[in-house]
Every structure is written in structure tokens, then in C-alpha cells.
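Examination of the molecular architecture
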Amino acid sequence: MRRTIRNLIYLSIGITVAFELLQAFIFTKSAHGQPAQTPQIALPAPHTDSTFSLEKALATRRSKRQWKPVPLTLAQLGQLCWAAQGITDPASGKRTCPSPMGVYALELYALNADGVFHYLPKEHALERLATEDRRVALGDACRGQQQVKTCATAFVITADMPKAEEKLGMANKQMLCLESGHCAQNILLQAVALGLGAVPIGAGRDAEIREVLQLPDRLTALYVVATGNPQ
Ligand SMILES: Cc1cc2nc3c(=O)[nH]c(=O)nc-3n(C[C@H](O)[C@H](O)[C@H](O)COP(=O)(O)O)c2cc1C
């Protein structure tokens, strides 16, 4: 009898531990504040050099709106995330993109056929927040723009207003809009250097984009950049 009880206790402890491990593995609590759908996806280490000059990227950049039906590779996706918000000085946490008083209140999302992803600069990784394709819904939130619906990956640049307010001492949306412009330009130029195309989309409606991405209240959607293999 005693042995049976002891075995039952061991069994229940075993089940509890296994369940916790499974939960930690499958539903990792995300930095975004929602349960992530999968463990973090490590991105390939970004290139910090290339034979494609900055001048050539500036001279040849053009907004692209027609796409081949080809997804971005993980390396391309990772490189674009890094260009947008990658950490370039791990000691200080400073990034590719300048930021007012180093507040770093921007958060980057990527939407593609595989779902919705949130970029984690420190880890240079993605957390997957949804498994369904929400590009059409995002396009609808951008006044129905087809180039968003059909692109390979749409980036959404969002800002954590309360975080910025705490550090800057004021709710300064203009500062964060300026920062998001830097971030978007980094994506645009990096896309050119990778042989990809991109177009900035300023026509997105914050409330609708927030709904599509299920953003937490602290985040405001500022800017969208559609990317892909141009036709
Ligand atoms: C703030 C901003 C918002 C924009 N919004 C859109 C947009 O909603 N849809 C779009 O197709 N292009 C958009 N564009 C791209 C412009 O139409 C494009 O940059 C302009 O026509 C110049 O062409 P180029 O980018 O090829 O040099 C936007 C550009 C900026 C700077």
C-alpha cells in the first residue's frame, strides 16, 4: 500500500515536471508579452561587411511593389532584422539604428507566410507569435495595398511609448517617428544590398495594425516596410 502511494507521488511529480518542461519548450513566455508559439528561432549571424557599396545601394534603391512568389531565406530575414535593430555594441547595447538618448523603444515585427514573428535584438533571434499568414490582413490595415499583401515579408516597426516617456521624460511620438524612419531606411538599403526589393508604407492605420498583430497596449505601430524578390 505504502509503495503504491509512494509510486503515485513519484508519478505525479514526474507528470508535473514533464508538463512544465513541455510548456517551457512549446509556449515560451515571449518578450512581447504573449505566449510564443515555438521556441526562439536563432537567426544566422549577420554579415557586417560586403562587396556591395553603400553608394551603390543609395544610387540604385527604388521602391518596389511587384514581387516574385519567392520567400526570403532565413539568412535574408535575419540580415534585414539586424539592419533594422541589430545590436552592434553588446557592451552598451547600442544598435545599427540611432535612438534619442539611447532609449531603444522600437520593436520590430515580421509577417510572412509562416506567421508573425517578433525580433529579439539581444538574442538575434525571432519568437513566433502566430502561425497563420496575416499579410493580407496587414495589407487591409494599410488601406488595402496589394504590395503588402503579396510581399515575401512585411516588417512592422512599432514603438513602446511608455518606455520612451519614462526615459525621455515626455511622450514624444515625433522622436519615435524619426527613429522609425532611420530603422526603415536601414531595411530599404540592406534590401538593395541583398538583391531584394522593398517599399516603405506610411499609410498603415495604427489601430488596425495593432489588431492584426495583437500588439500589447504599450506598443504603437509607426511604419511598415514590405520586402521581397522584385519582379
Ligand atoms: C513616409 C513615406 C510613406 C510612404 N508610404 C507609401 C505607401 O503607403 N505606399 C507605397 O506604395 N509607397 C509609399 N511610399 C513610397 C513612396 O511612394 C516613394 O518613396 C516615392 O514615390 C519615391 O520613389 P522611390 O522610393 O522609388 O525613390 C512612402 C514613402 C515615404 C517616405
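For the structure given in this document, a descriptive report is provided here. Since we're looking at a predicted model, the values are computed, not measured.

**Description of the pattern of salt bridges**
- For the structure shown, the criterion picks out 8 salt bridges.
- Here Arg134 ties to Glu132 by a salt bridge, and the two come within 2.6 Å at their closest N and O atoms.
- A relative accessible area of 19% means that Arg134 is categorised as buried.
- You can call Glu132 partly exposed: its relative accessible area is 39%.
- Of the charged contacts in the structure, one is a salt bridge between Asp217 and Arg210, with a shortest N-O distance of 3.9 Å.
- We classify Asp217 as exposed; its relative accessible area is 75%.
- The network of salt bridges with shared partners includes Glu107, Asp160 and Arg218.

**Concerning the packing of helix 3 (residues 74–85) against helix 7 (residues 173–193)**
- Where helix 3 meets helix 7, the closest approach of the two axes is 7 Å, and the angle between their N-to-C directions is 145 degrees. Crossing of helix 3 against helix 7: the hand is right-handed. Contacts between helix 3 and helix 7 involve Gln79, Leu80, Trp82, Ala83, Ala84 and Gln85 on the former and, on the latter, Cys183, Asn186, Ile187, Gln190 and Ala191.
- Among the residues making up the contact of helix 3 with helix 7, the classes are represented as 7 nonpolar, 4 polar and no charged.

**Looking at the site of the ligand**
- Around the ligand, the neighbouring residues are Arg61, Arg62, Ser63, Arg65, Gln145, Gln147, Val199, Pro200, Ile201, Gly202, Ala203 and Tyr223.
- Arg65 places a side-chain nitrogen or oxygen 2.7 Å from an oxygen atom of the ligand.
- Bound to the protein, the ligand loses 54% of the 620 Å² it would expose on its own.
- Of the residues forming the shell around the ligand, the biggest block, 3 residues, is contributed by strand 8 (residues 197–201).

**Quick word on the sheet that holds strand 4 (residues 106–112)**
- Here 7 strands make up an open sheet; going across it, the order is 1-6-5-4-7-9-8 and the pairing antiparallel. The open sheet has two free edges, formed respectively by strand 1 (41–42) and strand 8, since each of these has just one partner strand.
- By the bridge criterion, 2 bridges tie strand 1 to strand 6 (residues 125–130) in an arrangement that is antiparallel. By the bridge assignment, Ala42 is partnered in strand 6 with Ala125.

**Section: the side chain of His124**
- Position of His124 among the secondary structure elements: in the loop between strand 5 (115–120) and strand 6.
- Contacts of His124, omitting those with residues within four sequence positions, involve Ala42, Leu43, Pro44, Ala45, Pro46, Gly78, Trp82 and Tyr119.

**Quick notes on unusual backbone geometry**
- With phi around 45 degrees, His124 is a residue other than glycine that occupies positive phi space.
- One non-glycine residue, Gln214, adopts positive backbone phi at about 55 degrees.
- Mapped onto the elements of the fold, Gln214 is located in the loop between helix 8 (206–213) and strand 9 (219–228).
- According to the relative accessible area criterion, Gln214 is partly exposed, its value standing at 45%.

Conventions we followed
Residues numbered from 1 in each chain as written. Predicted model: local features only at pLDDT ≥ 70, side-chain atom pairs only at ≥ 80, totals over all residues. Heavy atoms only, no water. Salt bridge = Lys/Arg side-chain N within 4 Å of Asp/Glu carboxyl O. Buried < 20%, exposed > 50% of the residue type's maximum accessible area, 1.4 Å probe, protein only. Axes fitted to C-alpha atoms, helices over the stretch in contact; angles between N-to-C directions. Helix = DSSP H or I, 4+ residues; strand = E, 2+ residues; numbered from the N terminus. Left-handed = near helix turned anticlockwise from the far one by under 90°. Contact = heavy atoms within 4.5 Å. Nonpolar A, V, L, I, M, F, W, Y, C, P; charged D, E, K, R; others polar. Near = heavy atom within 4 Å. Polar contact = N/O pair within 3.5 Å; in protein donor to acceptor, adjacent residues only side chain to side chain. Areas by Shrake-Rupley, 256 points an atom, 1.4 Å probe, with all protein chains shown as cover. Pairing = 2+ DSSP bridges.

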